[in-house]
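Commentary on secondary and tertiary structure
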Protein chains: 2
Amino acid sequence: MSAGTPHPREVTTVACVGAGVIGGGWAAHFLARGYAVRAWDPGDGAAGRLSRLVETAWPALTELGLADGASPDNLTVTSTLAEAVDGAGFVQESAPESLPVKRRLLADIDAATAPGVVIASSTSGFAMTDMQVDAATPERLVVGHPFNPPYLIPLVEVVGGERTERWAVDWASDFYRHVGKSVITMNRELPGFIANRLQEALWREALHMVANGEATPEQIDTAITDGPGLRWPVQGPCLTFHLAGGEGGMAHMLDHFGPSLQEPWTRLEAPELTQRLRDDMVAGCESEADGRTFAELVTERDRGVIAIQRALRRLREDRDG
Amino acid sequence: MSAGTPHPREVTTVACVGAGVIGGGWAAHFLARGYAVRAWDPGDGAAGRLSRLVETAWPALTELGLADGASPDNLTVTSTLAEAVDGAGFVQESAPESLPVKRRLLADIDAATAPGVVIASSTSGFAMTDMQVDAATPERLVVGHPFNPPYLIPLVEVVGGERTERWAVDWASDFYRHVGKSVITMNRELPGFIANRLQEALWREALHMVANGEATPEQIDTAITDGPGLRWPVQGPCLTFHLAGGEGGMAHMLDHFGPSLQEPWTRLEAPELTQRLRDDMVAGCESEADGRTFAELVTERDRGVIAIQRALRRLREDRDG
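Rules of the game
- Residues numbered from 1 in each chain as written.
- Chains lettered and ligands numbered in written order.
- Predicted model: local features only at pLDDT ≥ 70, side-chain atom pairs only at ≥ 80, totals over all residues.
- Heavy atoms only, no water.
- UniProt positions renumbered as here; feature names shortened; annotations may be inferred.
- Helix = DSSP H or I, 4+ residues; strand = E, 2+ residues; numbered from the N terminus.
- Rg over C-alpha atoms; globule rule 2.2 N^0.38 Å.
- Buried < 20%, exposed > 50% of the residue type's maximum accessible area, 1.4 Å probe, protein only.
- Contact = heavy atoms within 4.5 Å.
- Areas by Shrake-Rupley, 256 points an atom, 1.4 Å probe, with all protein chains shown as cover.
- Lys, Arg positive; Asp, Glu negative; His and termini not counted.
- Charge placed at Lys NZ, Arg CZ, Asp CG, Glu CD.
- Phe/Tyr/Trp six-rings, centres within 6.5 Å; stacked < 30°, edge-to-face > 60°.
- Domains from an automatic or database assignment.
- Pairing = 2+ DSSP bridges.
- Axes fitted to C-alpha atoms, helices over the stretch in contact; angles between N-to-C directions.
- Salt bridge = Lys/Arg side-chain N within 4 Å of Asp/Glu carboxyl O.
- Buried area = accessible area lost by both parts, 1.4 Å probe.
- Nonpolar A, V, L, I, M, F, W, Y, C, P; charged D, E, K, R; others polar.
- Expected span 1.5 Å × (residues − 1).
- Least-squares fit on C-alpha atoms with pLDDT ≥ 70 in both.
- Core = buried A, V, L, I, M, F, W, Y, C linked by side-chain atoms within 4.5 Å.

- In the annotation of an unreviewed UniProt entry, the entry for chain A reads 3-hydroxyacyl-CoA dehydrogenase, and the organism field reads Saccharomonospora glauca K62.
- Per UniProt, the comment on chain A under Sequence similarities (unreviewed entry) is "Belongs to the 3-hydroxyacyl-CoA dehydrogenase family."
- UniProt annotates chain A under Pathway (unreviewed entry) with the comment "Lipid metabolism; butanoate metabolism."

**As for the overall build of chain A**
- In terms of regular secondary structure, chain A is built from 12 helices and eight strands.
- Relative to the compact-globule value of 20 Å for 321 residues, chain A shows a C-alpha radius of gyration of 22 Å, a close match.
- Overall, chain A is about 60 × 55 × 45 Å in size when its C-alpha atoms are taken along their principal axes.
- A total of 321 residues make up chain A; the buried ones form 59% of that total.
- Restricting the contact set of chain A to residue pairs at least 6 apart, pairs at least 24 apart contribute 69%.
- Looking at chain A as shown, the accessible area adds up to about 12500 Å², and 48% of this sits on carbon and sulfur atoms.
- Of note, chain A has its 28 positive side-chain charges centred 2 Å away from the centre of its 44 negative side-chain charges.

**Regarding the UniProt feature "domain: 3-hydroxyacyl-CoA dehydrogenase NAD binding" (unreviewed entry) in chain A**
- Mapped onto this structure's residue numbering, the UniProt feature "domain: 3-hydroxyacyl-CoA dehydrogenase NAD binding" (unreviewed entry) falls at residues 13-187 of chain A.
- Its end C-alpha atoms 28 Å apart, residues 13-187 of chain A is made of 38% helix and 21% strand.

**A word on the packing of aromatic side chains**
- The tally for this structure, following the rule as stated, stands at 25 aromatic pairs over all chains.
- Between the aromatic rings of Phe 30 of chain B and Tyr 35 of chain B, the centroid separation amounts to 6.2 Å while the plane-to-plane angle is 80°, which identifies the pairing as edge-to-face. Of the two residues, Phe 30 of chain B and Tyr 35 of chain B, neither departs from the other in class, the shared state being buried.
- Each residue in the set Trp 26, Phe 30, Tyr 35, Phe 90, Trp 171, Phe 175 and Tyr 176 of chain A is aromatic and connected to the rest through ring pairs, giving one cluster.

**Some words on the domain arrangement of chain A**
- Once the domains are mapped, chain A shows domain 1 (8-185) and domain 2 (227-319).
- The centre of domain 1 of chain A, based on its C-alpha atoms, is set 33 Å off from the matching centre of domain 2 of chain A.

**Observations regarding the sheet that holds strand S1 (residues 13-17) of chain A**
Residue and element names in this part refer to chain A.
- An order of S3-S2-S1-S4-S5-S6-S7-S8 is seen for the eight strands of this open sheet, with the pairing classed as mixed. A single partner strand is all that each edge strand has here, and the edge strands are strand S3 (75-77) and strand S8 (182-185). Going across the sheet, the axis of each strand differs from the next one's by a mean of 25°, ignoring polarity.
- Where strand S4 (residues 90-93) and strand S5 (residues 118-121) come together, four bridges link them in parallel fashion. Across the sheet, the residue bridging to Gln 92 is Ala 120, located in S5.

**Describing the UniProt feature "domain: 3-hydroxyacyl-CoA dehydrogenase C-terminal" (unreviewed entry) in chain A**
- UniProt's entry tags residues 192-263 of chain A with the feature "domain: 3-hydroxyacyl-CoA dehydrogenase C-terminal" (unreviewed entry), counted in the numbering of this structure.
- When the span residues 192-263 of chain A is considered, its composition is 60% helix and 0% strand, and the gap between its end C-alpha atoms is 26 Å.

**So, unusual backbone geometry**
- For the bond from Asn 148 of chain A to Pro 149 of chain A, the omega torsion is -10°, close enough to zero to count as cis.
- With respect to the element layout, Pro 149 of chain A can be found in the loop between strand S6 (141-146) and strand S7 (155-160).

**Examining the pattern of salt bridges**
- As enumerated under the stated definition, the model contains 36 salt bridges over all chains in all.
- A salt bridge links Glu 93 of chain B to Lys 102 of chain B, with the shortest nitrogen-to-oxygen separation between them at 2.7 Å. The burial state of Glu 93 of chain B is the same as that of Lys 102 of chain B; both residues are buried.
- The salt bridge partner of Asp 255 of chain B is Arg 278 of chain B, with a shortest N-O separation of 2.6 Å. Placement of the pair is Asp 255 of chain B in helix H10 (residues 249-257) and Arg 278 of chain B in helix H11 (residues 275-289), with a sequence separation of 23 residues.
- When its relative accessible area of 46% is taken as the criterion, Asp 255 of chain B is described as partly exposed.
- A network of salt bridges, in which partner residues are shared, links Arg 197 of chain A together with Glu 205, Glu 214 and Arg 267 of chain B.

**Digging into the interface of chain B and chain A**
- Across the contact, 104 residues belong to chain B and 104 residues belong to chain A.
- Roughly 10100 Å² of surface becomes buried between chain B and chain A when both sides are summed, with 68% attributable to carbon and sulfur atoms.
- Its largest share of buried area at the contact with chain A, chain B owes to Trp 203, Arg 204 and Trp 265 of chain B, together 8% of the area lost on that side.
- Linking chain B with chain A are six salt bridges.
- Across the pair Glu 300 of chain A and Arg 319 of chain B runs a salt bridge, and its minimum N-O distance is 3.4 Å.
- Of the residues forming the side of chain B that touches chain A, the biggest block, 17 residues, is contributed by helix H12 (residues 294-319) of chain B.
- Each residue belonging to the side of chain B that touches chain A can be placed in one class, and the counts come to 56 nonpolar, 24 polar and 24 charged.

**A short note on helix H12 (residues 294-319) of chain A**
- Between its first and last C-alpha atoms H12 of chain A spans 37 Å; for 26 residues at 1.5 Å apiece the expected length is 38 Å, and the two agree.
- Two residues or fewer after H12 of chain A comes Gly 321 of chain A, characterised by a positive phi angle close to 70°.

**A word on the environment of Glu 288 of chain B**
- For Glu 288 of chain B, the location among the structural elements is in helix H11.
- Judged by relative accessible area, Glu 288 of chain B falls into the buried class, the value being 16%.
- Once the C-alpha coordinates of Glu 288 of chain B and Val 85 of chain B are considered, the two residues, 203 residues apart in sequence, prove to be 40 Å apart.
- Look past the residues within four positions of Glu 288 of chain B in its chain and what remains in contact with it is Pro 217, Glu 218 and Asp 221 of chain A together with Cys 238 and Leu 239 of chain B.

**Examining the relation of the copies chain B and chain A**
- In the superposition of chain B on chain A (RMSD 0.0 Å, axial shift 0.0 Å), the rotation amounts to 180°. Within this description, the copies of the chain are treated as partners about a two-fold rotation axis. Rotation axis and chain B: the residue whose C-alpha lies nearest the axis is Leu 268 of chain B, separated from it by 2.3 Å.
- By residue overlap, the copies meet face to face through one surface: 100% of the interface positions of chain B are interface positions in chain A.

**Side note on the nonpolar core**
- Core analysis: the biggest nonpolar cluster contains 194 residues, and Phe 30, Tyr 176 and Trp 203 of chain A together with Phe 30, Tyr 176 and Trp 203 of chain B have the highest contact counts within it.
- If near-sequence neighbours (up to four positions away) are discounted, Trp 203 of chain A is found in contact with Pro 237, Cys 238, Phe 241, Met 250, Met 253, Leu 254, Leu 261 and Met 281 of chain B.

What follows is the structure in structure tokens.
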């Protein structure tokens with residue numbers, strides 16, 4: 001922790017650098033949580049675009065619940081980067097996905113931002129180690145990877161680069177949690193982080209199927225929206241298979257269905273199911289279940305899936321009049 | 001279509017062969033849709049297990065809406081296979097996943113069931129071509145692959161084997177639609193069908209991450225439940241990326257982010273992004289969007305995600321008192 005670092009709860013102003021869909025989504029989120037947001041984007045018409053984006057998101061944010069004092073009026077679009085980061089207790093960079101652009105911009109942000117203030121990049125794939133090379137104080141640079149739209153999807157993946165100091169990773173994780181995000185703090189850099197790797201594996205298999213004429217994009221979407229996708233906001237893939245194992249849970253599932261990992265069910269080769277991997281999966285699921293019985297987890301899943309289906313059905317009925 | 005085949009809407013009795021989690025789930029679904037269900041399972045205590053399963057599912061089914069005359073009392077557990085299929089207008093087989101077991105059982109069911117009645121297997125991975133080899137009238141045998149629990153998750157994947165006749169695939173698709181399922185009719189056999197392949201690709205990548213110490217099962221589950229999983233019951237992976245392309249949709253997405261398919265973001269190699277694959281993805285997404293603008297799709301996604309989050313939040317509040 002550095003001398004100039006505010007306590008995560010004491011931050012009142014956030015700088016958003018880059019005002020595209022992701023940067024604008026972050027601005028909307030911070031505004032809804034009651035922060036003053038100072039935004040800068042070198043592109044033409046950034047102020048107009050940003051206002052429209054916040055305006056579009058505001059009804060959704062209102063429905064989810066605004067913090068005291070939250071208002072779109074707390075947004076200031078500045079004409080220079082220096083003005084945007086001036087007085088900010090946290091900086092979120094959301095520039096286009098180009099390594100040279102990110103490198104240059106993060107060095108510029110680092111130079112303009114008060115010492116000790118943490119700077120996060122929204123990059124969806126670059127390693128901070130590769131992005132922080134030109135920064136004078138790289139120890140406060142972290143990845144804070146959101147999902148689109150950042151004002152609705154809670155997940156943020158936080159990870160540092162080789163030259164990032166641990167306090168900055170912890171500070172960013174604390175701060176994101178404080179602003180209502182669901183945070184995964186990663187201990188090492190991994191190309192694509194976690195959620196994108198999972199999503200990308202599914203996406204690549206989908207592209208293979210379309211390329212081979214095995215399924216259409218519509219069939220793929222229906223397969224997810226009306227199939228496993230209905231369970232995933234309630235229980236993730238590990239807990240889903242923990243339940244698929246019945247009372248025996250993940251242990252039963254891996255011991256009995258392990259051989260199906262050898263089936264040609266996707267073009268992705270499975271890892272070897274070692275005793276260690278089996279035990280790690282079982283221990284992880286038991287930790288997640290946190291004492292809840294099989295029956296309790298089934299009930300939670302069923303209630304969740306029913307609630308989702310009823311909520312989406314009501315929306316469709318409202319829309320179709 | 002065969003002389004003894006009923007119209008899908010005229011079926012009043014369904015036979016469920018196999019009374020495990022899937023077979024019992026099917027029985028609960030058909031009962032809730034107002035059918036008489038005749039079930040048979042060679043295992044000990046099948047009747048008791050089946051009654052408990054239906055009893056457990058009934059509150060959920062009641063909440064989703066029962067058909068006229070639906071009652072758990074319309075379940076008959078028989079002591080022989082012949083009694084179960086007697087008078088049934090449709091047979092759903094849900095035996096354990098073993099090819100020899102399925103082959104033998106489907107031949108027995110085929111021999112005992114009235115001519116023209118369609119027989120579907122719940123197999124989650126075997127090809128009907130491999131399962132129908134011992135049946136005397138294989139032309140009426142299809143795969144009708146559900147997702148767990150079959151009474152809650154609408155998806156059913158329907159596909160025939162080499163010796164299945166087209167009318168049987170069409171009949172099963174019609175019948176499942178009539179009983180409230182979301183049906184994907186596949187034109188060719190594909191190991192793992194569609195949804196399982198997608199789910200399996202994600203699952204294998206998850207296992208690789210745990211095996212390499214890159215993520216824990218809990219991080220993987222959080223990555224999905226609080227990240228892309230929140231979008232998937234609303235819009236599938238293709239439509240999700242259609243929106244990620246902004247106003248330019250899937251075309252912009254593939255033309256700009258195509259190179260990211262070369263990134264080592266998963267262990268699954270991507271297919272070559274040919275012009276044909278690009279065009280098929282774009283056409284599929286445009287067909288799915290069905291005239292809805294980018295803004296309309298964004299609004300639908302946001303409303304859906306908000307509805308899901310609010311519904312799940314209410315459930316948690318109710319549970320935690």
